[in-house]
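# Structural overview
Here is how the chains run, residue by residue.
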Amino acid sequence: SISRTSFTWGIPVPGNEKHVVYVWLDALANYITAIGYGAEDRVDLTTEQKQEEQAKFARYWPADVHLVGKEITRFHCVYWPAFLLALNPKLKHGAGEPMPRIAPAEHAEWASQWLPKSVVANGWLLFEESKMSKSRGNVVRTETILDAFGEEVYAKQFPDSTKAERDLFAADVLRYFLLREIPFGQDGTFSFDALITRYNADLANGYGNLVSRTLTMIYKYFDGQIPDSRELRRVVVCSSAEELLGVVEECAEAYDFSKLIGNVQTQVAITDIDITASAPWKINLDVPTETTESHQAAVLYPAVESIRIITALLYPVMPFATASVWRQLGLGEIDEAARNGELKDLKWGGLKPGTKLGPLGPIFPRADKGLAQIMTDMESQNNPPKPTDGEPAPPKHDPTGSTTKYGDSSPSAQNDKLPVASESSKPTSENSPTITIDDFAKVDLRVAQIVVAERIPKADKLLRLEVDLGYEKRQILAGIAEHYAPEDLIGRKVVIVANLAPRKMRGLESQGMLVAASLGDHGRPSLAGFLEAVELGARLR
């Protein structure tokens, strides 16, 4: 069925307006109508334009690859092929007439000409183990990463750079992380700390450092010209590079970008280790002999040729950064090399001796660990608390023990002052405004037991707690560190507000709130507890 009667929005089915066209038929048809399908029936096109559209459709369809998100594979792997198969004119029939039967070979022939050759589904990108959601406010905006890496890393090294250049650099970093860190097709976790760690390890300290040290020595020992030692092959570096070239196509065909980049990084490490072990700088004499120069060339040519291959392989992932390396290698513009097909057939020994290096410069300035907090703060400012409509969802029993989270992630309170009981820090002489029983019922108070309690570095007032609700465990941040020692809280049963929207502080998420009395002029907390034995997860009414 390509229509629905359970809603009214949509395009009415001609002749039966109780039905509307199913949105997935309308949406999926865009894949082919956008590239010329149906052009012959369009009255707004000239004959020449119709021919151009038809030629475009013949060129681009069927697609070699249909790339989709994993949650919509059913629509692309069941409905979409069915829609395309139904376009076969041999199946055309009138209302009330039986569907014509066609031979399997005819069916297969139509399918080969109309169905996508493959459908590839990518996984979900999680933020610190949680699915990103606009309603929960834990979305990471691309702009945060572009601005942070562009301004705090690239611009500090290149203060005269343009905003466009800074954005391109940061986009390279993000693209590299996602393809390197997460096996394509699987779910993967994103965090600011992981992004910075991977950047520093693989790019600043790895690839970037290898390029810098190698080209600097070529300038120093060979006046900036690629030395000639193609016949003096460094067995390990050369053989590993040839092995790398052998698996590139295999990885690409399998969409295994993580493995491909991992193999590239292995080549970076092998080349770097060979340079360190050979130490060409130690044999550089004031008056170099032919033997000395030959030895240096035997080390540096394989290193720089390895860099050329590495750079070409990383170009699709980091086009901006690799363009800088390509120019430093004296090879011109890598974009032009890609258009000319020079990067398609990479072979060892393709770098010509005597090639003059371009001007040298840093490529991947090191990122400070404090950048993670800068990005966290930027996201907090752009994900303010959202008003909630209606009653918050009750806690869900999850037999796996995973954490159920609620509402939006909102910026944490300033000065580590995470509320414990209420916004008021001390008793007032007047009662609060009255509420109805329905208002009170919205607050889900639960019995929990503290199983972990520890201090948070550089946060004098905060404790990080893990509490057991019986049906799940939660992390809660509480501003009680000045009044309770962590070791005294282990095993204690407390009351928590279980349906409070999560709040973020010090890079950690608090998934609830402790209930406590606020005593004295300074609002000293006194945790609510029980004299009787109570079951974990029991609701207070």
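All of the points below concern the structure found in this document. (Residues numbered from 1 in each chain as written. Predicted model: local features only at pLDDT ≥ 70, side-chain atom pairs only at ≥ 80, totals over all residues. Heavy atoms only, no water.)

A cluster of nonpolar side chains, namely I435, I437 and F440, defines an oily patch on the protein surface of about 320 Å² accessible area. With respect to the helices and strands, F440 occurs in helix 14 (residues 437-441). On the basis of relative accessible area, F440 is assigned to the partly exposed category, the value being 35%. (Patch = residues over 30% accessible without salt bridge, like charges linked within 9 Å, V, L, I, M, F, W, Y side chains within 5 Å. Areas by Shrake-Rupley, 256 points an atom, 1.4 Å probe, with all protein chains shown as cover. Salt bridge = Lys/Arg side-chain N within 4 Å of Asp/Glu carboxyl O. Helix = DSSP H or I, 4+ residues; strand = E, 2+ residues; numbered from the N terminus. Buried < 20%, exposed > 50% of the residue type's maximum accessible area, 1.4 Å probe, protein only.)

Spatially, 1-3-2 is the arrangement adopted by the three strands of the open sheet, whose pairing is antiparallel. In this open sheet, the two strands that pair with only one neighbour each are strand 1 (3-4) and strand 2 (12-13). The pairing of strand 2 with strand 3 (residues 16-21) spans two bridges and is antiparallel. Residue pairing in the sheet places V13 in a bridge with N16 of strand 3. (Pairing = 2+ DSSP bridges.)

Okay, the nonpolar core next. Core analysis: the biggest nonpolar cluster contains 76 residues, and F149, Y199 and F364 have the highest contact counts within it. By residue number, the principal contributor to this core is helix 7 (residues 192-222), which donates 14 residues. Not counting chain neighbours up to four residues away, the residues in contact with F364 comprise F169, Y199, L203, A204, Y207, G208, M318 and A321. With 20 residues, the next largest nonpolar core counts A448, I450, V467 and L527 among its residues. (Core = buried A, V, L, I, M, F, W, Y, C linked by side-chain atoms within 4.5 Å. Contact = heavy atoms within 4.5 Å.)

The next thing to look at is the packing of aromatic side chains. Two aromatic rings are characterised by how far apart their centres lie and by the angle between their planes. In total, this model carries 22 aromatic pairs according to the counting rule given. Relative to Y199, the ring of F149 has its centre 5.3 Å away and its plane inclined at 75°; by these criteria the two rings are edge-to-face. Of this pair, F149 sits in helix 5 (residues 142-157) while Y199 sits in helix 7, placing them 50 residues apart in sequence. When its relative accessible area of 0% is taken as the criterion, F149 is described as buried. Residue Y199 is classed as buried on the basis of its relative accessible area of 1%. Members of the aromatic cluster, joined through ring pairs, are F149, Y154, F158, F169, Y199, Y207, F320 and F364. Here the guanidinium or amino end of K70 rests over the ring plane of W124, the centre of that ring lying 4.3 Å away. (Phe/Tyr/Trp six-rings, centres within 6.5 Å; stacked < 30°, edge-to-face > 60°. Lys NZ or Arg CZ within 6 Å of the ring centre and 35° of its normal.)

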